[in-house]
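Fold and contact review
Chain residues, written in single-letter form:
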Amino acid sequence: MSVSTVAADRSVCAPLPVLGRDVTVPLVTGGEVTYAALDYAASAPALQRVWDDVAAYAPYYGSVHRGAGYLSQLSTDLFENARRTVAEFLGCRDGDQVVFTRSTTDSLNLLADALPAGCQVFVFETEHHASLLPWRNARVTYLDAPSSPREAVETLERALADREPHGPALVCVTGASNVTGELWPVRELAAAAHAHGARIVLDAAQLAPHHPVSVADLDVDWVAFSGHKLYAPFGSGVLAGRADWLREAEPYLAGGGASRKVARRSDGGVDVEWHETAARHEAGSPNVIGAYSIASACAALTEAGFDQLVAREQYLIEKVRAGLAGVPEVRILSLFGDDAPRVGVLSFVVEGWNSSHFAAALSAEYGIGVRDGLFCAHPLLRTLLGSDPQTQGECGAPEAAPGEKSLNAVRVSFGAGTPDEHVERFVDAVRELVQDGARWNYRTEDGRCVPDTSA
């Protein structure tokens, strides 16, 4: 669907109602403005529908699985129904497990803890740290950043073909980059992994809020994502997929809920029989509200229709890209090229500006919230920006290792709750800052660039 078509038919794909859409913030130059939340890639605002569902449930809150009382039974049904809703949202196969966790990071660390002995892990340097770093007890092969989706598949195929010995192997890959927003060839990477006897886990933290994700259709073994990027409150996540490695591993946490039977032995020790279901890795009283909020978000996105949401987001992406293209000093970062499909995540640098200074000015002078820095993807940013030495000491410039550039970028990200006005204000603000400069003085405080209000 073309941008003009979407623009003409936006009535059928209006932004979804989210919390905070009417919040006003003060400007350092005086007055207030409605806050433009354009940092969805870090944490998306909660959908109003999700908040209303949670509020309706809150008076009936009770502990799950162990209580005989009405509220405990109700909460147990709610919790397990949430598991089924998430499984349906993710297109899980018969026999797949849905484990509720704290976040994508927690999910991938859980899987890392469940790897069989001798497992070799393959991961591109382009990954978010959540999927780059958990594999501390495995043999890890880090793959160079590819310049195209095809090169990504070819790089993985070569690495898998050369691995020795041919024991268990796991590939970890993102669905959409948290830096560039570019979509990765997940289905092709999964086919390459399986052709070489490896399994694959999909980090869908940036993909699931923007595009439908189906474990079965993509043919991945596991998928991980976070609730706080899927328009749900903080503190909940999901790991879904094959049960065997999870069932055979020691529980991620030992405690109540993970155990079916505990008995003292005659020698004074303790024998434990662990659950073989998802409960094996959900020890302790679970985050019922977190699980319910994820399920509510899944239902809301499904009911809204991903086709419409994707079309409208593409309209916003093109609006931002066209606006930034009109500012020659701005360079959008990309691995796969300008024409690569992407979600609503774009990172860029501005000639003559430190990114922390630019982001601070967007916030203080225009009421626009973006992110600056390395986005928990340091190797990728170093690849995209280079590492040649540069003069340091600009406002907010982070410390750099010897011989390295002081690296950071600005990231703008948006999604189902973003109104047109927010991206339009962002594009206008970028143009004004580049042309006219900041209207306020800024200084570095605790490593951040902030308005100087000392005068």
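As shown above, the structure is provided for reference.
A short tour of the structure in this document, coming up. (Residues numbered from 1 in each chain as written. Predicted model: local features only at pLDDT ≥ 70, side-chain atom pairs only at ≥ 80, totals over all residues. Heavy atoms only, no water.)

Further remarks concern the sheet that holds strand β6 (residues 139-143). Taking strand neighbours across the sheet as the criterion, the seven strands line up as β4-β10-β9-β8-β7-β5-β6 in an open arrangement whose pairing is mixed. Bordering the open sheet on either side are β4 (97-101) and β6, each of which pairs with just one other strand. Averaged over all pairs of adjacent strands, the angle between their axes in this sheet comes to 20°, without regard to strand direction. With five bridges joining them, β4 and strand β10 (residues 237-241) adopt antiparallel strand pairing. Paired with Thr-101 across the two strands is Gly-237, which belongs to β10. Strands in contact with helix α4 (residues 104-113) are β4, β7 (169-174), β8 (199-203), β9 (222-226) and β10; relative to β9, the strand with the most contacts, it is inclined by about 150°. (Pairing = 2+ DSSP bridges. Helix = DSSP H or I, 4+ residues; strand = E, 2+ residues; numbered from the N terminus. Axes fitted to C-alpha atoms, helices over the stretch in contact; angles between N-to-C directions. Contact = heavy atoms within 4.5 Å.)

Moving on: the side chain of Arg-280. On the secondary structure map, Arg-280 appears in the loop between β12 (270-274) and α10 (288-304). One buried charge, Arg-280, has no salt-bridge partner; the nearest side chain with opposite charge is Glu-250, at 5.0 Å. There is a polar contact of 2.8 Å between the side chain of Arg-280 and the backbone oxygen of Ala-249. Filtering out sequence-adjacent residues up to four positions away, Arg-280 remains in contact with Leu-246, Arg-247, Glu-248, Ala-249, Pro-251, Tyr-252, Leu-253, Ala-258, Trp-274 and His-275. (Buried < 20%, exposed > 50% of the residue type's maximum accessible area, 1.4 Å probe, protein only. Lys, Arg positive; Asp, Glu negative; His and termini not counted. Salt bridge = Lys/Arg side-chain N within 4 Å of Asp/Glu carboxyl O. Polar contact = N/O pair within 3.5 Å; in protein donor to acceptor, adjacent residues only side chain to side chain.)

Moving on, we come to the pairing of β4. The buried count for β4 comes to five of five residues, which makes it a mostly enclosed element. With burial as the criterion, each face of β4 is covered, one bearing Gln-97, Val-99 and Thr-101 and the other bearing Val-98 and Phe-100.

In the structure shown here, the tally under the stated rule is zero disulfides. The thiol of Cys-92 is unpaired, and the distance to the nearest cysteine sulfur, on Cys-298, comes to 10 Å. For Cys-92, a relative accessible area of 21% gives the class partly exposed. Not engaged in a disulfide, the cysteine Cys-119 finds its nearest cysteine sulfur in Cys-172; these two sulfurs lie 11 Å apart. (Disulfide = S-S within 2.5 Å.)

With that settled, the discussion passes to the packing of aromatic side chains. Taken as a whole, this structure holds 11 aromatic pairs when the rule is applied. On the basis of an interplanar angle of 65° and a centroid distance of 6.0 Å, the ring pair of Phe-348 and Phe-426 is categorised as edge-to-face. Of this pair, Phe-348 sits in strand β14 (residues 345-350) while Phe-426 sits in helix α14 (residues 420-436), and the two are 78 residues apart along the sequence. Judged on exposure class, the residue Phe-348 and its partner Phe-426 are both buried. These aromatic residues form a ring-pair network of at least three members: Phe-348, Trp-353, Phe-358 and Phe-426. Its end group placed over the ring of Tyr-366, Arg-439 keeps NZ or CZ at 5.1 Å from the ring centre. (Phe/Tyr/Trp six-rings, centres within 6.5 Å; stacked < 30°, edge-to-face > 60°. Lys NZ or Arg CZ within 6 Å of the ring centre and 35° of its normal.)

What follows deals with unusual backbone geometry. At Tyr-231, a position not held by glycine, the phi torsion is positive, near 70°. Among the structural elements, Tyr-231 can be located in the loop between β9 and β10.

The residue Phe-375 is located in the loop between β16 (371-373) and α13 (378-385) in this model. According to the relative accessible area criterion, Phe-375 is buried, its value standing at 8%. Separated by 28 residues in the primary sequence, Phe-375 and Ser-347 have C-alpha atoms spaced 9.7 Å apart. With residues up to four places along the chain from it excluded, the contact list for Phe-375 reads His-128, Asn-178, Val-179, Ser-347, Leu-381, Ala-409, Val-410 and Arg-411.

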